[in-house]
Amino acid sequence: MQKVDLKDKYLKFFEGKEHKIIPSAPLIPENDPTCLFNTAGMQPLVPYLKGQVHPLGTRLTDVQKCVRLTDLEEIGDKTHHTFFEMLGNWSLGDYFKKEAISWSFEFLTKVLDIPIEKLAVTVFEGEGQIPRDEESANVWKSMGIPEERISYLNKDNNFWIAGEVGPCGPDTEIFYWRSDSPVPQKHDPEDERWVEIWNNVFMQYEKHPDGTITELPKKNVDTGMGVERTVAILEGVDDNYLTSIWKDIIEKIVEISNTTYEENPESIRIIADHIRTAVFISADYCGIKPSNTDQGYILRRLIRRMIRHAKKIGIDLESGFEKTLALMVIEKYKNYYQELTDNKDVVLDVLSNELKKFNRTLEKGLREFEKIVSHLNEKIIDKDLAFKLYDTYGFPLELTVELAKEQGIGVDEEGFKQKFKEHQEKSRAGSEQKFKGGLSGSGEMETKYHTATHLLNAALKIVINKDVHQKGSNITPERMRFDFTCDHKLSEEEKKQAEDIVNKWIQEAIPVTVEEMKKEDAVKSGAECMFIEKYPDIVTVYSIGDVSKELCGGPHVKNTKELGHFKIKKEEASSAGVRRIKAILE
Ligand code: SER
């Protein structure tokens, strides 16, 4: 097997075609609260595909880190990963079909040396206002792809959009014949030996919430090539985990366990996959920590599932194996991702702490699980038992489901979710009660600080950049504390500017208004919100003139003039990539 430096080759090739190499965006989308992780290379580029000018020009290329959770249950097989890298090149209103296709062809056949005989392509057959893509088919033919290797498919196959709305367009997908059997003359889209290796999307349209499709201001190209799959093809293996990408990690897992890859491929792949994803999530500058909600919950689930499988194949959980594997991941990827070096200690701490926490209850929890199973009358674990495993032993629901499945047993997942919700509501009501009692709820000063928090959030977006987001806040009658994403210590000048802007808005006596709307409308209107999943379907949105718009439960003052004078007392680090400001109103 020959190791293939696909990423370097790709970036270099497109650099040679006058593309600028841009760094991968963070894993957590900065402008899209509806989505936990970036799932495609184009996602961070949406504003530019819609027409915003990119500072580096109209030709871009990158390797983007992505996490897809739809595949989580599939992890353990040969081809799925929760984390993966996607190579891409973009034209922002620059080149279009002819260049994109001919460069794809050149890269595959000249740089990667893939024989043209092993390639087939699909193009869009057309529907409604969007015509059949003869243009792409003709470019392919001019490259030497024969007619019978070009399939025209419908919008389910050859029209690409990330989710429901946004930039979209017909695409042309490139397939490779992965089999030792002779390559058939004609491309059969149903034959799974044809595997997709690259997608070229011609983003020329935008789909709107009402279902209409309009032309974007410019015709763009968005391409995506999954690194894992392509490397597997190039290295001639049908198991992604046997490529040079994974080889040393898999070998290490086998070495420290009491099993072999042949005996326990699923557990070994799960450990390899989950440790890599956990490293990347916890290294991200957003400062995600294991928790019971959102990205933090995913991180917790991945680490705990990884630990469970490590135990299963006889890895000593107290040997520090999680650090050994994490360091291998960091070493492997650090040249592409600076955060792995910057946040190395954070990553190791996150993993070890979570391991310690879970290890305390895992053994007992597994025993409890066995006990539960031996007493079952029917082949189903009821909601109370599943909740007990969650609440007392820290078993994420999905882990209980997986354990149960291994024994041919089901879990009342719906019942669990219901119970979980009731439990959350109870504890929320409890803490609201406490809040009311302890702080007399929303006293005059707290209300003012609440509004000041929104103003500071908006001011920081101006002073630092628009991608600053709130990560937390804490208010007492004496002061406000505000945590936000930012990769550097604020300079004196930046602090002063933020203070001045907030005070200017206070002096301008801007009215604060509130309205109720559907959650999705609020998101569409561009309202700032932290964890969208936590909000009910109908939300309250507070606006401060044109200055700020946020999903928020309130309360707020009626007019900014009530706030007095705003002063920043302190600015410090909160966690990796997150800064904290303490401020007062005088
Ligand atoms: N956005 C397309 C995809 O994810 C091409 O990059 O496949």
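From a predicted model like this one, the values you see are computed outputs, not experimental measurements. (Residues numbered from 1 in each chain as written. Predicted model: local features only at pLDDT ≥ 70, side-chain atom pairs only at ≥ 80, totals over all residues. Heavy atoms only, no water.)

Caption draft 1: Here's a closer look at the site of the ligand. Taken together, Ala 40, Met 42, Met 86, Trp 160, Asn 199, Val 201, Asp 222, Thr 223 and Gly 224 form the complete shell of residues around the ligand. A distance of 2.7 Å separates a nitrogen atom of the ligand from a polar side-chain atom of Asp 222. A distance of 3.1 Å separates an oxygen atom of the ligand from a polar atom in the backbone of Gly 224. For the ligand, whose unbound accessible area comes to 230 Å², protein coverage reaches 94%. If you list the elements that add at least two residues to the shell around the ligand, you get strand E8 (194-207) and strand E9 (213-226). (Near = heavy atom within 4 Å. Polar contact = N/O pair within 3.5 Å; in protein donor to acceptor, adjacent residues only side chain to side chain. Areas by Shrake-Rupley, 256 points an atom, 1.4 Å probe, with all protein chains shown as cover. Helix = DSSP H or I, 4+ residues; strand = E, 2+ residues; numbered from the N terminus.)

Caption draft 2: Expanded view of helix H14 (residues 397-406). Among the ten residues of H14, seven are classified as buried, and the element is accordingly described as predominantly covered. Among all positions of H14, only Leu 397, Leu 399, Thr 400, Val 401, Glu 402, Leu 403 and Ala 404 are buried. (Buried < 20%, exposed > 50% of the residue type's maximum accessible area, 1.4 Å probe, protein only.)

Caption draft 3: Quick peek at the nonpolar core. Judged by nonpolar contacts, the single largest core of 108 residues is most densely connected at Leu 108, Trp 140, Ile 253, Val 279 and Phe 395. Sorting elements by how many residues they give to this core places helix H12 (residues 344-374) first, with eleven residues. Counting 34 residues, the second largest nonpolar core, distinct from the first, contains Leu 456, Ala 459, Phe 482 and Ala 583. (Core = buried A, V, L, I, M, F, W, Y, C linked by side-chain atoms within 4.5 Å.)

Caption draft 4: Highlighting the state of the cysteines. Counted by the stated rule, this structure contains zero disulfides. Cys 66 takes part in no disulfide bond, and the closest cysteine sulfur, belonging to Cys 35, lies 10 Å away. Of all cysteine sulfurs, the one in Cys 35 lies closest to Cys 168, which takes part in no disulfide; the gap is 17 Å. (Disulfide = S-S within 2.5 Å.)

Caption draft 5: Representation of the environment of Gln 418 in the model. Structurally, the position occupied by Gln 418 is in helix H15 (residues 413-439). Assessed through its relative accessible area of 42%, Gln 418 is described here as partly exposed. Taking the C-alpha atoms as reference points, Gln 418 and His 208, 210 residues apart in sequence, are found 34 Å from one another.

Caption draft 6: How the structure looks around the pattern of salt bridges. One pass over the full model with this rule turns up 41 salt bridges. Across the pair Glu 251 and Lys 247 runs a salt bridge whose closest N-O atoms are separated by 3.0 Å. Of this pair, Glu 251 and Lys 247 both sit in helix H7 (residues 247-256), separated by four residues, roughly a single helical turn. The residue Glu 571 makes a salt bridge to Lys 489 at a minimum N-O spacing of 3.6 Å. Of the two residues, Glu 571 sits in strand E17 (residues 566-575) while Lys 489 sits in the loop between strand E13 (480-485) and helix H17 (492-507), which places them 82 residues apart along the sequence. (Salt bridge = Lys/Arg side-chain N within 4 Å of Asp/Glu carboxyl O.)

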